[in-house]
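Each chain, letter by letter, is given below.
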Amino acid sequence: MKTDYHMHFEYGDYKIDWVKGFFEAAGKRGLDEIGISEHTHTFPEFEKLYYDDLILDDSPVGQFQKVWLKTNKFKHTLKDYFNFMGELKKIFKVKIGIEVCNFQDQDAVKKILLPYDFDYIIGSVHFISGWGFDAEKIKDEFLRRDLREIYDSYAGEVEKLAAAGIYDILGHPFNLRLFKNFPDFDVTPYLERVAVALKKSDMIIDVNTGTMYRYPVGEISPYADFMKIAAAHKIPITINSDAHKPEDCGKFHDEAADYARSFGYTQTVIFSGRDRGFVKLNR
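Let us look at the structure shown here. (Residues numbered from 1 in each chain as written. Predicted model: local features only at pLDDT ≥ 70, side-chain atom pairs only at ≥ 80, totals over all residues. Heavy atoms only, no water.)

1. Here we look at the overall build of the protein
- In terms of helices and strands, the protein carries 11 helices and 11 strands.
- Structurally, the protein occupies a C-alpha span of about 50 × 45 × 35 Å along its principal axes.
- By the burial criterion, 57% of the 283 residues in the protein qualify as buried.
- In the protein, of all internal contacts separated by at least 6 residues, the share reaching a separation of at least 24 is 77%.
- Accessible area for the protein stands at about 12,000 Å²; split by element, carbon and sulfur atoms hold 50% of it.
- Averaged over its 38 positive side-chain charges, the protein has a centre that lies 3 Å from the centre of its 45 negative ones. (Helix = DSSP H or I, 4+ residues; strand = E, 2+ residues; numbered from the N terminus. Buried < 20%, exposed > 50% of the residue type's maximum accessible area, 1.4 Å probe, protein only. Contact = heavy atoms within 4.5 Å. Areas by Shrake-Rupley, 256 points an atom, 1.4 Å probe, with all protein chains shown as cover. Lys, Arg positive; Asp, Glu negative; His and termini not counted. Charge placed at Lys NZ, Arg CZ, Asp CG, Glu CD.)

Here's what the structure looks like:
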């Protein structure tokens, strides 16, 4: 069974004519099931958490992020999302997910999500001390910070996500390499910290091809060093495209399946109503 549970409608809108392309691409690539995982910045329920956490001063990072928060954000409520997905379910086989940023107030996140029946919830580290490190326009911040401290902070953020007890999946693990900022020190302690936290909280990892085709690094996340450690800890996986455009749904799925298989993985996880099952890893 081939699935893709990580994709977003944000570049378009909640209209059948826009989203049907995701399902058409899924069919062409032989996917059996897809799921949508809208970013929390789609929903006004999370707006305060972004303003609480992000750098919004007059620095280059702050200036960029102030504009980012005003651009195509907070346009649909969670109720809108579930209503639209309910209509989609009448036409397509689709699961309902969400991708949540690493907010500092996880109790607030829990209260926001509690009324809604998601099939799965992805937790992703998008911010390091208020800096959105995956944004190309502020990537120079990597040059102004100590990379060892960045890795330490990333591991700490994953530990907080895992301890919250909210999430099923860690999104695109260790995507700190997006702009080819490669460490010249031993990162094993940070990789181990993340693996231990995921194992303890029964989270799985998102083998994500988005970092292969959307960023300069051109590699699947998580990269090989973490995949080895995740496999050693027997942390399950799901394979996803992180598609933001319809034509990218399922992109490089077969390559990612081969990649996962090279670390000994033979199964992938499927979700329904926060319950999980295991199916054979197919390319």
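2. Here we look at the packing of aromatic side chains
- Within the structure shown, the criterion is met by 31 aromatic pairs.
- Seen in terms of ring centroids, Tyr 14 and Phe 84 are 5.0 Å apart; in terms of plane orientation they differ by 5°. Their pairing is stacked. Highlighted residues: Tyr 14 in the loop between strand 1 (3–4) and helix 1 (16–28) and Phe 84 in helix 4 (residues 78–89), separated in sequence by 70 residues.
- By relative accessible area, which is 13% here, Tyr 14 ends up buried. (Phe/Tyr/Trp six-rings, centres within 6.5 Å; stacked < 30°, edge-to-face > 60°.)

3. With respect to helix 5 (residues 106–113)
- Of the residues making up helix 5, those classed as buried are Gln 106, Ala 108, Val 109, Ile 112 and Leu 113. On an axial view of helix 5, the arc spanned by its buried residues comes to 155°, and they lie on one face. Facing away from the buried side of helix 5 by over 90 degrees, the exposed positions are Asp 107 and Lys 111.
- The inward-facing, buried residues of helix 5 contact helix 2 (47–53), helix 4, strand 3 (94–101), strand 4 (120–124) and helix 7 (147–164). (Arc of directions from axis to C-beta.)

4. Looking at the pattern of salt bridges
- One pass over the structure, following the stated rule, counts 18 salt bridges.
- Asp 58 is the partner of Lys 66 in a salt bridge, and the nearest nitrogen-oxygen pair spans 3.3 Å.
- Relative accessible area serves as the criterion here: at 61%, Asp 58 is assigned to the exposed category.
- Of the charged contacts, one joins Asp 168 and Arg 274 as a salt bridge, the two residues approaching to 2.7 Å between their closest N and O atoms. Residue Asp 168 is located in the loop between helix 7 and strand 7 (169–170), and its partner Arg 274 is located in the loop between strand 10 (267–272) and strand 11 (275–280); the two are separated by 106 residues in the primary sequence.
- Residue classification places Asp 168 among the buried residues on the basis of a relative accessible area of 5%.
- Connected through shared salt-bridge partners, Glu 33, Lys 93 and Lys 95 make up one network. (Salt bridge = Lys/Arg side-chain N within 4 Å of Asp/Glu carboxyl O.)

5. What about the nonpolar core?
- Counting residues in each nonpolar core, the largest one holds 92 residues, and the members touching the most others are Phe 46 and Tyr 154.
- In terms of residue count, the dominant contributor to this core is helix 7 (nine residues).
- Leave out the neighbours within four places in its chain, and Tyr 154 touches Val 125, Ile 128, Phe 133, Leu 170, Gly 171, His 172, Pro 173, Phe 174, Asn 175, Leu 176 and Val 194.
- Membership of the second largest hydrophobic core comes to seven residues, among which are Ile 122, Ile 169, Val 269 and Phe 271. (Core = buried A, V, L, I, M, F, W, Y, C linked by side-chain atoms within 4.5 Å.)

6. Things to note about the environment of Tyr 50
- Counting through the fold element by element, Tyr 50 comes out in helix 2.
- Look at Tyr 50 and you get buried, because its relative accessible area is 0%.
- Taking the C-alpha atoms as reference, Tyr 50 lies 24 Å from Asp 119; in sequence the two are 69 residues apart.
- Setting aside anything within four residues of it in sequence, one finds Tyr 50 in contact with Thr 40, His 41, Trp 68, Leu 69, Phe 74, Cys 101, Phe 103 and Phe 127.

7. Quick look at the environment of Arg 148
- Positionally, Arg 148 belongs in helix 7.
- On the accessibility criterion, Arg 148 (42% relative accessible area) is partly exposed.
- On a C-alpha basis, the gap between Arg 148 and Tyr 190 in space is 9.5 Å, while along the polypeptide they are 42 residues apart.
- Non-local contacts of Arg 148, meaning those with residues more than four positions away in its chain, are made with Phe 185 and Tyr 190.

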